[in-house]
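Each chain, letter by letter, is given below.
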Amino acid sequence: MSRFAMLAAACLMVAACGTQSPAARPSSAAAREPGYPVTIKNCGQDYTFPAGPRRVVVMNGGSIGEVSSLLALGLGDRILANLQSYGASDEPGRAEAVAALPTGDFKRTSFNDIPRESMLGLRPDFVLATSGRQFEPRDGFATREELRAAGAPTYTPESTCGVGVRQDQSIEDSYTLLRDLGRIFQVSDRAEQLIAESKRRIAAVSAKVAGRPKPRAMLIIPGMTMGSNAFSSIGAKGIWNDIFAKAGAVNAFENTTDDLFTNLSKEQVAATQVDVVVIVDWLNPDPDAEARKLFAQFPHWGKRYVVLSDSAYVAPNNATAVEKIAKVIHPEAF
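Bear in mind that the values here come from a model prediction, so they are computed numbers and not experimental data.

About the cut-offs
Residues numbered from 1 in each chain as written. Predicted model: local features only at pLDDT ≥ 70, side-chain atom pairs only at ≥ 80, totals over all residues. Heavy atoms only, no water. Helix = DSSP H or I, 4+ residues; strand = E, 2+ residues; numbered from the N terminus. Rg over C-alpha atoms; globule rule 2.2 N^0.38 Å. Buried < 20%, exposed > 50% of the residue type's maximum accessible area, 1.4 Å probe, protein only. Areas by Shrake-Rupley, 256 points an atom, 1.4 Å probe, with all protein chains shown as cover. Salt bridge = Lys/Arg side-chain N within 4 Å of Asp/Glu carboxyl O. Core = buried A, V, L, I, M, F, W, Y, C linked by side-chain atoms within 4.5 Å. Contact = heavy atoms within 4.5 Å. Axes fitted to C-alpha atoms, helices over the stretch in contact; angles between N-to-C directions. Parallel < 35°, antiparallel > 145°, perpendicular 65-115°, else oblique. Left-handed = near helix turned anticlockwise from the far one by under 90°. Disulfide = S-S within 2.5 Å. Pairing = 2+ DSSP bridges. Expected span 1.5 Å × (residues − 1).

Caption draft 1: Just the overall build of the chain, in detail. Each helix and strand counted, the chain has 12 helices and 12 strands in total. Taking 334 residues into account, the globule formula puts the C-alpha radius of gyration at 20 Å, and the chain, at 20 Å, falls close to it. Taken along its principal axes, the extent of the C-alpha atoms in the chain is 65 × 40 × 35 Å. Burial statistics for the chain: of 334 residues in total, 57% are counted as buried. Carbon and sulfur atoms make up 51% of the accessible area of the chain, which amounts to about 13500 Å² in all.

Here is the structure:
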């Protein structure tokens, strides 16, 4: 398993020496912003924000959910450096907006992420990560304690506080991320609007597919290697199981492992009935070709598939994933 793939698997589903420099401290004017200070509990710790963050660093983690959430909340101008990119998005204009963000001028780690010295040198006032693994000192990262001491509260989705992903991860985790960011930046009204619209769209889909047969779905990230077998990037436990359920499907591989991704041979995959394939577009120049390749190997599956990218993770646009999957597996309902 590659080092970057290990980080992506953990997240799918997320003291500086001397005194803090004056540039890193919030100004007295900023400290008097209405509604502050704000305290957020994250991963068992309290983090206090004296003012709205203006030097935000978004770590990679093999996801796009955190930066996508910031953009959906209208906070792109607060981002000092963003390392998340899939080269695609299920939302019009989102991929282009991500590509236009500053990425920082530093040499990246073997995880394609920001090393400790570079992180502290940027003097961020807020650091967003996809997984607790991104604060591990043995991997060359700044710790949460070091960043706190340097004036930068940190945040990772609750379902990925450690190095793995909580097995019951669901769309509610996406709503929690939006709500927490809404409080931190004092844009809770916008966060609640996004959540209400997502719930409305998902409820409309679930009502249309209620009582219908539940096809067996497979989510796979072509090009990403999570283990030693030929098929190691098939989703098992993760938010996609909730997405499948809301769309009227079940995960054909949910019970093959307790891990985020299963690790199977071609023969094991062939022995599993799959009715629809969800291709996750991760920096992929031709995801449709990946679907054709799969169907050539497993002709007994049929040829129904859908391509998704950021909506398949903890992100603000899970409703898009639910709608796209449902329309492929239950076209008669739409």
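Caption draft 2: Spatial organisation of the pattern of salt bridges. Scanning the entire structure with this criterion turns up 12 salt bridges. A salt bridge links Arg54 to Glu33, with the nearest nitrogen and oxygen atoms 2.6 Å apart. You can see Arg54 sitting in the loop between strand S2 (45-49) and strand S3 (56-58) and its partner Glu33 sitting in the loop between helix H2 (28-31) and strand S1 (38-42), a full 21 residues away along the chain. A salt bridge links Arg200 to Glu197; the shortest N-O distance between them is 2.6 Å. In this pair, Arg200 and Glu197 both sit in helix H8 (residues 188-209), three residues apart, roughly one turn of the helix. Of the residues examined, Glu197 reaches a relative accessible area of 36% and is grouped as partly exposed.

Caption draft 3: Seen up close, the nonpolar core. In this structure, Leu70, Phe126, Leu181, Phe185 and Ile325 are the most contacted members of the largest nonpolar core, which totals 63 residues. For Leu181, the contacting residues outside a window of four places in its chain are Ser69, Leu70, Leu73, Phe126, Leu128 and Val187. Ranked by size, the runner-up nonpolar core spans 18 residues in total, among them Leu120, Leu122, Val127 and Ala152.

Caption draft 4: Highlighting the packing of helix H9 (residues 239-247) against helix H12 (residues 318-329). With their axes 8 Å apart at the nearest point, H9 and H12 run at an angle of 50° to one another. One element, H9, and the other, H12, form an angle in the oblique class. For the element pair H9 and H12, the recorded crossing hand is right-handed. Contact with H9, carried on its side by Ile239, Ile243, Phe244, Lys246 and Ala247, involves Asn318, Ala321, Val322, Ile325, Ala326 and Ile329 of H12 and no other residues of that element.

Caption draft 5: Seen up close, the state of the cysteines. Enumeration according to the criterion identifies one disulfide in this entry. A disulfide bridge connects Cys43 with Cys161, and the sulfur atoms are separated by 2.0 Å. Residues Cys43 and Cys161 share a disulfide whose torsion about the S-S bond is about -85°; that sign makes it left-handed. Separated by 118 residues along the polypeptide, Cys43 in the loop between S1 and S2 and Cys161 in the loop between strand S6 (154-155) and helix H7 (171-184) bring together distant segments of the chain. Given a relative accessible area of 25%, Cys43 falls into the partly exposed group.

Caption draft 6: Focus on the sheet that holds strand S5 (residues 126-128). Taken together, four strands build an open sheet; the order of strands is S4-S3-S5-S6 and the sheet is parallel. Two strands lie at the open edges of the sheet, namely strand S4 (79-82) and S6, each paired on one side alone. Note: S3 against S4, three bridges, orientation parallel. Counted as the bridge partner of Val58 is Asn82 from S4.

Caption draft 7: Quick peek at the environment of Gly223. Here Gly223 shows up in the loop between strand S7 (216-220) and strand S8 (231-235). With relative accessibility at 69%, the residue Gly223 sits in the exposed group.

Caption draft 8: Quick look at H12. The terminal C-alpha atoms of H12, which comprises 12 residues, lie 17 Å apart, in line with the 16 Å expected from a rise of 1.5 Å per residue. Taken across its 12 residues, H12 has nine buried, putting it largely inside the fold. The set of residues buried in H12 consists of Asn318, Ala319, Thr320, Ala321, Val322, Glu323, Ile325, Ala326 and Ile329. Looking at the buried positions of H12, the neighbouring elements they touch are H7, H8, H9, strand S11 (276-280) and strand S12 (305-308).

Caption draft 9: Main features of helix H3 (residues 65-72). Within H3, eight of the eight residues are buried, which leaves it mostly tucked inside the rest of the structure. Of all the positions in H3, only Gly65, Glu66, Val67, Ser68, Ser69, Leu70, Leu71 and Ala72 are classed as buried. Here the buried face of H3 lies against S3, S4, helix H4 (94-99), S5, H7 and H8.

Caption draft 10: Fine view of the environment of Val205. Here Val205 shows up in helix H8. In this structure Val205 comes out as buried when scored by relative accessible area, which is 3%. Between the C-alpha atoms of Val205 and Lys246, which are 41 residues apart in sequence, the distance is 7.4 Å. Excluding residues within four positions of it along the chain, Val205 makes contact with Lys246, Ala247, Val322, Glu323, Ala326 and Phe334.

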